[in-house]
Amino acid sequence: MAGNKTLTMIKPDAVRDGHIGAILNQITEAGFRISAMKLTQLSTADAEAFYAVHKERPFFGGLVEFMTSGPIVAAVLEKDNAVEDFRMLIGATNPAEADEGTIRARFAKSIGENAVHGSDSNENAQVEGDFHFAGREKF
Ligand code: ATP
Ligand code: MG
C-alpha cells in the first residue's frame, strides 16, 4: 500500500555548499509538505545506527565519517506515494547515473557525497521519522 510519508536528510556536502534553500524549494515545488524539520549534526553512534543496514559494506566507515562531518537538515515530507515519488525526485544513488533535473543530478558530487537521503520503504520512513523527531516536533 502506498504510504504518504518519507524522511529526508540534506547531507553535509549540500549544507556546506549552501544548497539548503534550493533543495527545499525543489521539494516543495514537487508537491511535498514539510511536516517536521531541523538542522542537526549526527554523532558517530547516530550515523552507525541510522545506516546499520549497511554495516558490513566496504563503504560503511566512509559513510559514517561523511554523515557526521557537519550539520544536516532532517525533514519528514508528506505526499501521496511519498517514498517512491521522493526517490524519483532525488535520482539514482550515483549522481552520474541520476536523471537530469533530479536533486542528485543538480547538487551531488559523487556516490559517497550525494546531497540527500530518502527513505526506501514506508516502514523505514516511520522508523527514520521517529529516529529524528519527537512527537511534539511533528505537525
Ligand atoms: P540513501 O539511503 O542515503 O537515500 P540510497 O538509498 O540511494 O541512499 P543506499 O544503498 O541506501 O543508497 O546507500 C546509502 C548511502 O551509502 C548512499 O546514499 C551513499 O551515500 C553511500 N553509498 C552507497 N553505495 C556506495 C558506494 N558504492 N560507495 C560509497 N558510498 C556509497
Ligand atoms: Mg538507502
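Residues numbered from 1 in each chain as written. Chains lettered and ligands numbered in written order. Predicted model: local features only at pLDDT ≥ 70, side-chain atom pairs only at ≥ 80, totals over all residues. Heavy atoms only, no water.

**What to know about the sheet that holds strand E3 (residues 72-78)**
- If you walk across this open sheet you meet the four strands as E2-E3-E1-E4, and the pairing is antiparallel. At either margin of the open sheet sits one strand with a lone partner, and together these are strand E2 (33-40) and strand E4 (116-118). For this sheet the average axis-to-axis angle between neighbouring strands, irrespective of direction, equals 15 degrees.
- With three bridges connecting them, strand E1 (residues 5-10) and E4 associate as antiparallel partners. Among the inter-strand pairings, Ile10 is bridged to a residue of E4, identified as Val116.
- Docked against the sheet, helix H2 (residues 20-29) engages E1, E2, E3 and E4, running at close to 165 degrees with respect to E2. (Pairing = 2+ DSSP bridges. Helix = DSSP H or I, 4+ residues; strand = E, 2+ residues; numbered from the N terminus. Axes fitted to C-alpha atoms, helices over the stretch in contact; angles between N-to-C directions. Contact = heavy atoms within 4.5 Å.)

**Considerations on helix H4 (residues 60-67)**
- If you check which residues of H4 are buried, you get Phe60, Leu63, Val64, Phe66 and Met67. Angular distribution of buried residues about the axis of H4 spans 165 degrees; they occupy a single face of the element. (Buried < 20%, exposed > 50% of the residue type's maximum accessible area, 1.4 Å probe, protein only. Arc of directions from axis to C-beta.)

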